[in-house]
Structure formats: C-alpha cells, structure tokens
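Residues per chain, in single letters:
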Amino acid sequence: MAPSAAATPKRQGTPVSTAPLPPRPVTSLREFSAPPEVDSFYSKYQPGVPIAIDFGSSYVRAGVTNGPEPNNTFPNVSARYRDRKGAVNLTLVGHDVYRDASIKSSIRPSYDGTFISNWDNVETVLDYTFEHLGVTSNNNRVDNPIIMTEPLANTLYHRKGMYELLFEAYGVPQVAFGIDSLFSFYANCKGPASGLVIGANNISTHVIPVLEGRGILQQAKRIDYGGDQAGQYLQKLLALKYPYFPARLTNQNYATMLTDHCYFSKDYQSEISSYLDMENLEKTDVILQAPVEIAPVEKKKSEEEIARQAERKREQGRRLQEQARQKRLEKLVQKEKELEYYTQLKAELGTMTPKQAQSRLVEDEFSSMADFNKYVAGLEKTLKKSRSQDVGDAEEDVDPAASFPLVDVPDEELNDEQIKEKRKQKLLKGHMDARLRAQEEKRQEEELAIQREKEQEEWRARDLEGWCATVREQWNEVVGRIRHRTKMMESFKDRKSMAAQKRMKNIATLAQDPDAGSKRRRRNVNSATIDNDPNDTFGANDDDWAVYRDISNSALQEEQEADHEELLRIEQQLLDYDPSFHHEDTFAASQTFDWRNSALHKFLHGPRENITVKLQAEGTEPEDLHSHPEILKKNHQLHLNVERIRVPEVLFQPYMAGLDQAGIPELVEDLVVRRMDGNFAVGGQSRNLCGNVFVTGGWVQMPNFTDRLHSELRQFLPVDVPLKVWSAADYMRDPWRGMKLWSQSDESKKSYVSKAEYDEYGPEYIKEHGLGNVCLM
C-alpha cells in the first residue's frame, strides 16, 4: 500500500436501517371453566336396561344404553362447601365445583395416580350419576346392570372396592368391567376386529394387541406417561425457564396449555435443530399472558417543577464539589510538604553509610530502602494526578512578594492577627505554587505528546504495515489485561472462587495484625484520635484508609478505567489509519449484546427484543421501568416454543423426561416382531396388527400424532406390509359408545358377574371377555 494512504483517515460506513416488525399476537392464559348450562336429568329411564359408566381418572361419562349418547359428562371430582347464609353444608360434584373460585381449593379427585384412593368421593360421584340418570326403584336399589371401565391390569383392591360399592351400597343385580381403550376400538370397528390399540389416557399410555376381537393382555405394554404427567413435565420446564414468574399457575392452566398449544413433531430432530431460528420462531413461538393488574399511572410533575428540582440538585452538587475541591487542595499542599521532606531525606541518605541510612529509615518507619523508594514513587504519582485534577492554569501572573508579604517574615516580628494572616497567605501561596508546577508539567507533557505524534506520523509514512502491526499488538495487550481483570472482578462475586478465598484470608490477617490499624504516620504524628488514645493513630493520615483498598477491588476498577481510556485511544488510531480495522473489530462492538444471535434470549423472550432493554435504550428513567405498563405485562408473559414439541415427544423418547422405558415405536417393534408370531405374510398375526393401528385417548388428540407414528412404524416394517394408523372419531365419547354397542352383543350377556356369584366367589372372581381384564394367576 502506498505511504500516502497512511495519513488519510478512513471514511466510516453508515448503518443499515431495518423496518419495524409488526406486533405479535398475545393469547390470554386460559383457565378451565364450567359450561353455562347445568348437567341435565335423564327422562327416559327404564329399569333393567344396562347403565354404562366410563369412570375415568379425569372425566366420568355415564348414560343408559337405550340412548344414542352418554347423558352426562363431567369431571371426576367433588368438593365440600359451607353456605354461611343458609348454615348448611353442601357437596358439589363435577362442573359445579368450578363455578365458584372459593371452592377450587377444596377439590378432591377420586384417583391418585393409576388407582382409586378416595372411595368416599367415588360414592359421591356415583350418587350424582344415578340421580341425574333418573334411577328410581321400589326397593331402594339400582335395578340396572352396570357396565364400567377399569384400568388395565386392575388390582384386586381396586375391584374389591368397586364390587362392594355397587353390590352392597347400591344393590345392583350384575356388573361387568372392561378397558376403555378396547371399548373405543370396538365402537370404531363396529364390532370385533384385529388390530393394535394405543390408548393414551390421563395416567399412562398402553399398547394392546387385539386378535379377532379379544385383547391379548399378556402382551400389553405400558408407558408411565399420560396427560397428567405431561402437564407436570410442562410445569417443571416452565419453572426452570421462568423461576421468578410473578403469577401462580394452576394445574388446569398447564393442562390447557398442553391441549391448546402443544403438538407432535413429524421429525423431531430436524425441527428442534432449527426451532429457535428467527424465521421459524415467528411462526411457532406462542405468547401466553397471565392476568396482571396495572395500577393507574401517577400524574407526572410539570416541566417547571422538574426544572426547579434539577436546579436545586445542581446547586447542591456545585456546593459539594467546591467543598471537595478545597479539601483536595489542602491535602495537595500537605503532600507537597511531605514530598519536599522526603526529597531532602533522600539526599541525606545518599551521604550516609548503609548502616546509618537503615537506622534513619527505621526512625521514619520504613523497613528498607526499597520500601522508601516505593513510597516516594507512589507519592509523586499521586501528586501528579492530583495536580492535573484539582488545579488549573493561573489566570494571571502573581507577584509573591506583593501578594504574600508576610510569608518570609519571622513569627517573632508579628502579632497574633498577623500570624493568622501569615498562615492564610502560606496556604494560598502553596495553592499558587502547586498550580504553577501543574502548568509546567502539563506544558512538558504536551511537548512530549507533540513529539511522539510527530514520530508516529513519520513511522506511518515510512512503514504503515509495521506501524499497524505494532499498534495491534498494543491493542491485544490492553484487551488481554481488561479481560483478565474483568474475570478477576467476577470471581470476587463467587465466594468459593480462589480470588474470593484469598481476599477473605487478607481480611482475616488484617483483623489479627495488631499493627494493621496503625500504619505509618509519616509526618502527622501529632494528629489526635476521637477517644484521645495516644496509641490509636489509625486515620491520622488519609493514606491509612488505603487498607480497605487492599481488600476491595477499587484499585482494579481504577486500573480498568485507565486501560479502557488507553484502549479507546489505540482503537481511534487504528480506525483512522489501519484500512483493515473497522468499527466491528473494536472491543466495544465485540461486547455489545445482539439479542438476535442469542439463543437464550429467543428461548425466553421470543423473536422480539426484550422490552426492558428497548426502553432503556430509548432513555426511560430507571425508576419508571418498574411501574411501566408494558414491562408489567411482559413480566406476566410466558413464551412457549421448544416446549410445544418437547413435552409430547416423551411418548417417543421417554428418556427426555427421565423415564427408563421404551417409547411407543420400540414397544410396537418388540411386540409385532418378537412377541407375536412375527409373520408379516397374509394371514399372519403381525400383519393383521400393523394393518389396523388404532389410536385413542384424551391427550393424544394433539396434531400430527398419527402422522408421526406412521413414519416411525414404517421405518422397521417390511416394505410390502400394509400399515394403517388411524384415530378414534371422538376421543371422549367413543369408549361409552363401545360399551353401549357391546351391551347389545351376545358376549355381554355371558360376561356379567351377578350379586349371587359375588357372594359365593368373592371379589377375586371375574368373567373374562374380549374387552376386559383377564385373570393372570
């Protein structure tokens, strides 16, 4: 490059403007709410007609089987309520418990996990069910056969409790139990069929093979992950994501988040790798707004009041600055005298023998000559800094003899008033002398700066590339010091770090050192203490307080500021003369936070800049940020992005939620390839199962489940094997419809357990059928 280019500063580019993005839609956090109409009462009740009750862990669907649909569908919960006005206790069931916010705290479910734990609640729910079905009789019994669902592989304790309620409390004539997912399969196939049933209910997920209308329960598989566990997993993820979220969310909030906004990914690994890209995040990030009360904005002060208040603050600041300046000048004069004393001492030490010099140093409380030189050098450095800070150029030349006539007059020749005036003149003369010395030092520094700049220009004209390389090395050294010092100051915040431990040791040492509070008094031996203790001289000299600087990071901060100033100077030179150094290469640019490149920012705040940072950049006052309406709303917002596919994905990869189990594809592969006959030819069991994969259950009605399952199963099946994955027409009511359809079949008539059989064989007795549990003993 030609040398002439060295003296030509670079022209800086202009920033590229970006168009403002439109506001993103915000969805209110939905709470579970009861329907406006109350549960109806059935008017076509007939004794002897079977009653089907789908007694699920979350909902109960009940109806007499002479109707097309279940008569009542309500949550399987109850609550006790005290009506203070009427002085009566009420028991509410189903949707009624959600009609009053004060009752929600006393809600009691029937199930605890997979099995029933509250039999009093079950009896209350059954009372409510039979009452709304219009059950009446002359013998105070329920004169209808009962068909009821129960969990897969139901325990004896569970079935015994239900037998006792139905036979002994309600006096039903006969009872049949079945599995809800198999009843749903039966309803959608319009009768017995072969296939693979995947039932994902609120508690767990099951894979059940069915051959010719009969469930092969010995080969059924279970994953301990259902709608309830998914809601808990979502709650844990959001608690880690927003640990200080100000609103308290309920289990119903998480359940509605799951059903309203989560979905199964068709290709999880591919989608999760690019989920936080700005383009994808614009489409997939969902903002949920929790309720928040925003107080009305207080009336702001008028401009005149603000101006008066600012003027008062400025006037007070000026007074304090002037007081501080006078105090610094007095200290400066004192340090000038101290430097003069030690300069004379240094000259005297040069004429002494080493032994005499050491003795004299000990008298002045110095341990060695190195200690003495170090103190004098620090004193000179402090004086140089104080002169440039506190004194300025003299406005006019002053004649010391005319302005300070009493300075050189002995005290014996003066009276008391003149002695006071002499002290004042000595102080003023000291100020003037310090100002003159500062002027001289400033002039010398300016001459040196001009000389250095001239040498730099000659160097750049002679060898620009070498100059740039040298300055870049200086830049790297300064940046290295800044980063090392920043790391050190950050380590002080961690009490377990090595730097913090060393600092604590220094504090302990200072606390135990009897001489720590009595540093060198230097020239101020006669200074008095607060309690007039002659042995306590700590604080007599302002340098004594430097002990606190030894155990704090104030010195580090001052060094950091000096290095930052040096760095700015070097960077300005590089920007002006180095063609390959741009604003993007500066240290400040490398430390600038760009939220668009921060995965954590997009994960927490979505594809928009954090409103707090934005308002700070716009100049909003810090005290206004806490009460700003937009910030209050933002603090009560949840961003669902990665969680939308991560929570449902556990069904396919259970290890993501800490479950040591296989996912649905692995279970199906093990089932059709190893557990069944493994025959994929026409007529084989495995072929029949794969040709009819049926999905049912409340919480897998989220989008893409059947598509994802189809693609996962197709990966291990032979190419020529037909694969059909389909879902229930109505996840909620199909089990009841299957119970109704089954009640009209010949198999149902042989599958009821009568009251007489219960009395004779006990609660262990069951009658096996194609849609119910079997005896595994």
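Everything quoted here is computed from the prediction, not taken from an experiment. (Residues numbered from 1 in each chain as written. Predicted model: local features only at pLDDT ≥ 70, side-chain atom pairs only at ≥ 80, totals over all residues. Heavy atoms only, no water.)

What follows is about the overall build of the protein chain. What the protein chain contains, in helices and strands, is 28 helices and 20 strands. Sequence-distant contacts in the protein chain: of pairs separated by 6 or more residues, those separated by 24 or more amount to 68%. (Helix = DSSP H or I, 4+ residues; strand = E, 2+ residues; numbered from the N terminus. Contact = heavy atoms within 4.5 Å.)

Looking now at the packing of helix H3 (residues 180-188) against helix H26 (residues 734-743). Packed helix pairs are specified by the crossing angle of their axes together with the interaxial distance, meaning the distance between the axes. Between H3 and H26, the least distance of the axes is 7 Å, while the angle of their chain directions is 70°. Between H3 and H26, the interaxial angle falls into the category roughly perpendicular. Residues Asp-180, Phe-183, Ser-184, Tyr-186, Ala-187 and Asn-188 of H3 form the contact with H26, whose own contacting residues are Asp-734, Pro-735, Arg-737, Gly-738, Met-739, Leu-741 and Trp-742. Tallied by class, residues from the contact of H3 with H26 come to seven nonpolar, three polar and three charged. (Axes fitted to C-alpha atoms, helices over the stretch in contact; angles between N-to-C directions. Parallel < 35°, antiparallel > 145°, perpendicular 65-115°, else oblique. Nonpolar A, V, L, I, M, F, W, Y, C, P; charged D, E, K, R; others polar.)

With that settled, the discussion passes to the pattern of salt bridges. Applying the stated criterion across every chain yields a total of 33 salt bridges. Linking Asp-364 and Arg-360 is a salt bridge whose minimum nitrogen-to-oxygen distance equals 3.4 Å. Judged by its relative accessible area of 14%, Asp-364 falls in the buried class. Note that Arg-674 is salt-bridged to Asp-670, the shortest N-O span being 3.8 Å. Taken as a pair, Arg-674 and Asp-670 lie in helix H23 (residues 664-675) at a separation of four residues, close to a single helical turn. What you see here is one network of salt bridges that share partners, running through Glu-69, Asp-730, Arg-733, Asp-734 and Arg-737. (Salt bridge = Lys/Arg side-chain N within 4 Å of Asp/Glu carboxyl O. Buried < 20%, exposed > 50% of the residue type's maximum accessible area, 1.4 Å probe, protein only.)

Turning our eyes to something else, we now look at the packing of aromatic side chains. Pairs of aromatic rings are described using the distance from one ring centre to the other and the angle between the two planes. Going through the model one piece at a time under the given rule, you end up with 28 aromatic pairs. Ring geometry for Phe-183 against Trp-742: centres 5.9 Å apart, planes inclined by 70°, an arrangement best described as edge-to-face. Here Trp-742 lies in helix H26 and Phe-183 lies in helix H3, a separation of 559 residues in the sequence. Assigned by exposure class, Phe-183 and Trp-742 land together as buried. Every member of this aromatic cluster is reached through a ring pair, and the members are Tyr-225, Phe-264, Phe-652, Trp-699 and Phe-705. Lying across the ring of Tyr-577, Arg-460 places its NZ or CZ 4.0 Å from the centre. A cation over a ring is seen here: Lys-724 above Trp-726, with NZ or CZ 5.0 Å from the ring centre. (Phe/Tyr/Trp six-rings, centres within 6.5 Å; stacked < 30°, edge-to-face > 60°. Lys NZ or Arg CZ within 6 Å of the ring centre and 35° of its normal.)

Attention shifts here to a negative patch on the surface. A cluster of acidic residues, Asp-120, Glu-123, Asp-127 and Glu-131, forms a negative patch on the protein surface. Within the fold, Glu-131 resides in helix H1 (residues 119-132). (Patch = residues over 30% accessible without salt bridge, like charges linked within 9 Å, V, L, I, M, F, W, Y side chains within 5 Å. Areas by Shrake-Rupley, 256 points an atom, 1.4 Å probe, with all protein chains shown as cover. Lys, Arg positive; Asp, Glu negative; His and termini not counted. Charge placed at Lys NZ, Arg CZ, Asp CG, Glu CD.)

Turning our attention to helix H8 (residues 303-350). A rise of 1.5 Å per residue sets the reference length of H8, with its 48 residues, at 70 Å; its end C-alpha atoms lie 68 Å apart and thus fit the reference within 8%. Every buried residue of H8 is listed here: Leu-329, Leu-332, Val-333, Lys-335, Glu-336, Glu-338, Leu-339, Tyr-341, Tyr-342, Leu-345 and Leu-349. (Expected span 1.5 Å × (residues − 1).)

Counting 59 residues, the largest nonpolar core has Tyr-225, Met-257, Leu-651, Trp-699, Val-700, Phe-705 and Leu-709 as the members making the most contacts within it. Listed in part, the 36 residues of the second largest apolar core include Ile-53, Phe-55, Val-64 and Val-135. (Core = buried A, V, L, I, M, F, W, Y, C linked by side-chain atoms within 4.5 Å.)

Read across the sheet, three strands follow the order S1-S16-S17 without closing on themselves; strand pairing throughout is mixed. Single-partner strands in this sheet number two, and they are strand S1 (26-28) and strand S17 (637-640). Recorded for the sheet is a direction-independent mean angle of 35° between the axes of neighbouring strands. Across three bridges, the pairing between S1 and strand S16 (residues 286-289) is parallel. Directly across from Ser-28, in S16, lies its bridge partner Gln-289. (Pairing = 2+ DSSP bridges.)

It is worth spelling out the pairing of strand S3 (residues 59-64) at this point. A large share of S3 lies buried, amounting to five of its six residues. As paired strands, strand S2 (residues 51-55) and S3 are joined by five bridges and run antiparallel to one another. When the bridges of S3 are listed, Phe-55 appears paired with Val-60. Where S2 folds back on S3, the antiparallel hairpin that results is connected by three residues. As defined by bridge partners, S3 adjoins strand S4 (residues 72-75) across four bridges and the pair is classed as antiparallel. Looking at the pairing, Tyr-59 lines up with Pro-75 of S4.

Looking now at the sheet that holds S2. The strand order across the open sheet built from six strands is S4-S3-S2-S10-S11-S20, with neighbouring strands paired in mixed fashion. Every other strand in the sheet has two partners, leaving S4 and strand S20 (753-754) as the edge strands with one partner each. Where S2 meets strand S10 (residues 146-149), three bridges bridge the pair, whose relative direction is parallel. If you follow Ala-52 over to S10, its bridge partner there is Ile-147.

Attention shifts here to the environment of Glu-465. Checked against the element boundaries, Glu-465 lands in helix H13 (residues 464-493). Considering only alpha carbons, one finds Glu-465 and Asp-578, 113 residues apart in sequence, at a separation of 8.4 Å.

Here we come to the confidence of the model for the protein chain. The predicted model of the protein chain has a mean per-residue pLDDT of 83, with 84% of residues at 70 or higher. For the stretch residues 1-18, pLDDT sits under 50, and the model shows 18 contacts to residues farther than four places along the chain or on other chains. Low pLDDT (under 50) marks residues 515-534, which in the prediction has 35 contacts with non-local residues, meaning those over four places away or in another chain. (pLDDT = per-residue confidence, 0-100.)

Turning our attention to the packing of helix H4 (residues 227-241) against helix H5 (residues 251-261). Where H4 meets H5, the axes come as close as 9 Å, and the angle between the chain directions of the two elements is 100°. Considering the angle they form, H4 stands roughly perpendicular to H5. Where H4 approaches H5, its residues Gly-227, Ala-230, Gly-231, Leu-234, Gln-235 and Leu-238 are matched on the opposing element by Asn-251, Tyr-254, Met-257 and Leu-258. Tallied by class, the residues present in the contact of H4 with H5 amount to six nonpolar, four polar and no charged.

Another point: unusual backbone geometry. Phi is positive for Ala-153, close to 55°, though the residue is something other than glycine. Here Ala-153 is to be found in the loop between S10 and helix H2 (156-169).

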